[in-house]
Each structure stands twice: as C-alpha cells, then as structure tokens.
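# Notes for the structure review
Given next are the chains, with one letter for each unit.
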Amino acid sequence: EKAGSNVALTLDYDMQRVADDAMAKLSGSVVAMDVNTGEVLALSSNPRFDPNLFAGEVSVDTWNDLVSGPEKRMNN
C-alpha cells in the first residue's frame, strides 16, 4: 500500500451538529462557509442515504427506493 495525501478538514463540529439537528425533520440542505477563506464549516443534507450502499453491487430494489421512493433520496 502507498499512503495518500493528507487532508485538512475545516468542518466546525459544533456548527455541523447544529446544521444536522436543524435538518433532522426537513428536506433540503445547509452549507455554511467562511466567506473570507472559502472553507466549508458545515454541510448537511436531508433525507440522507448510507454511501456504503455503493461499496458493492446495489440491488434493483435498493436503487429504486433511493431514486423513486417516497423520500427520493438521490434527487438532491
């Protein structure tokens, strides 16, 4: 294995938690950025889906639920 490049995250934990809590029962997204640096401080979207679903083969039923289910999770 070869190590990859380092990543420096700019997310603010407390701000991220507030954004996630605010979106808990809503549909939409929140992005909070530092206007001076462009750093992303918080990023939240709802409804959510587990990205691990795409680590392997996605079943037809799972795909249909993500795309056409009542929450239309892939239509962001």
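Scroll up a little and you will see the structure.
I will try to describe carefully the structure that is included in this document.

Conventions used here
- Residues numbered from 1 in each chain as written.
- Predicted model: local features only at pLDDT ≥ 70, side-chain atom pairs only at ≥ 80, totals over all residues.
- Heavy atoms only, no water.
- Helix = DSSP H or I, 4+ residues; strand = E, 2+ residues; numbered from the N terminus.
- Rg over C-alpha atoms; globule rule 2.2 N^0.38 Å.
- Buried < 20%, exposed > 50% of the residue type's maximum accessible area, 1.4 Å probe, protein only.
- Contact = heavy atoms within 4.5 Å.
- Areas by Shrake-Rupley, 256 points an atom, 1.4 Å probe, with all protein chains shown as cover.
- Lys, Arg positive; Asp, Glu negative; His and termini not counted.
- Charge placed at Lys NZ, Arg CZ, Asp CG, Glu CD.
- Patch = residues over 30% accessible without salt bridge, like charges linked within 9 Å, V, L, I, M, F, W, Y side chains within 5 Å.
- Salt bridge = Lys/Arg side-chain N within 4 Å of Asp/Glu carboxyl O.
- Arc of directions from axis to C-beta.
- Polar contact = N/O pair within 3.5 Å; in protein donor to acceptor, adjacent residues only side chain to side chain.
- Pairing = 2+ DSSP bridges.

Right, let's talk about the overall build of the protein chain for a bit. The secondary structure content of the protein chain amounts to two helices and two strands. Scanning the protein chain from its N terminus toward the C terminus, one meets helices and strands in the order α-β-β-α. Rg of the C-alpha trace for the protein chain: 16 Å, well past the compact-globule value of 11 Å for 76 residues, more than 25% over. Counting only C-alpha atoms, the protein chain reaches 45 × 40 × 20 Å along its principal axes. Within the protein chain, buried positions represent 14% of all 76 residues. Within the protein chain, contacts between residues at least 6 apart in sequence are counted, and of these 35% link residues at least 24 apart. For the protein chain, the exposed surface amounts to about 6,300 Å²; the carbon and sulfur share of it is 52%. Treating the 6 positive side-chain charges of the protein chain as one cloud and the 12 negative ones as another, the clouds have centres 4 Å apart.

Right, let's get into a nonpolar patch on the surface. Taken together, the side chains of Leu11, Val31, Met33 and Leu43 present a nonpolar region at the surface, about 390 Å² in accessible area. Within the fold, Leu11 resides in the segment before helix H1 (13-23). A residue is classified by how much of its surface remains accessible, and Leu11, at 46% relative accessible area, is partly exposed.

Every buried residue of H1 is accounted for by Gln16, Ala19 and Met23. Taken around the axis of H1, the buried residues stretch over an arc of 65°, which confines them to a single face. Of the exposed residues in H1, those oriented more than 90 degrees away from the buried face are Tyr13, Val18 and Asp21. Tucked inside the fold, the buried residues of H1 contact strand E1 (28-33) and strand E2 (40-46). Put simply, Asp12 is the residue that caps the front of H1, since its side-chain oxygen is 3.1 Å from the backbone nitrogen of Asp14.

Bridge count for E1 against E2 is six bridges, and the pairing is antiparallel. Its bridge partner lying in E2, Gly28 is registered against Asn46. Linking E1 to E2, which pair antiparallel, is a turn of six residues; within it Gly38 sits at a positive phi near 80°.

Mapped onto the elements, Pro47 comes out in the loop between E2 and helix H2 (60-68). With a relative accessible area of 18%, Pro47 lands in the buried category. Each C-alpha atom of the pair Pro47 and Asn75 lies 9.6 Å from the other, and the pair is 28 residues apart in sequence.

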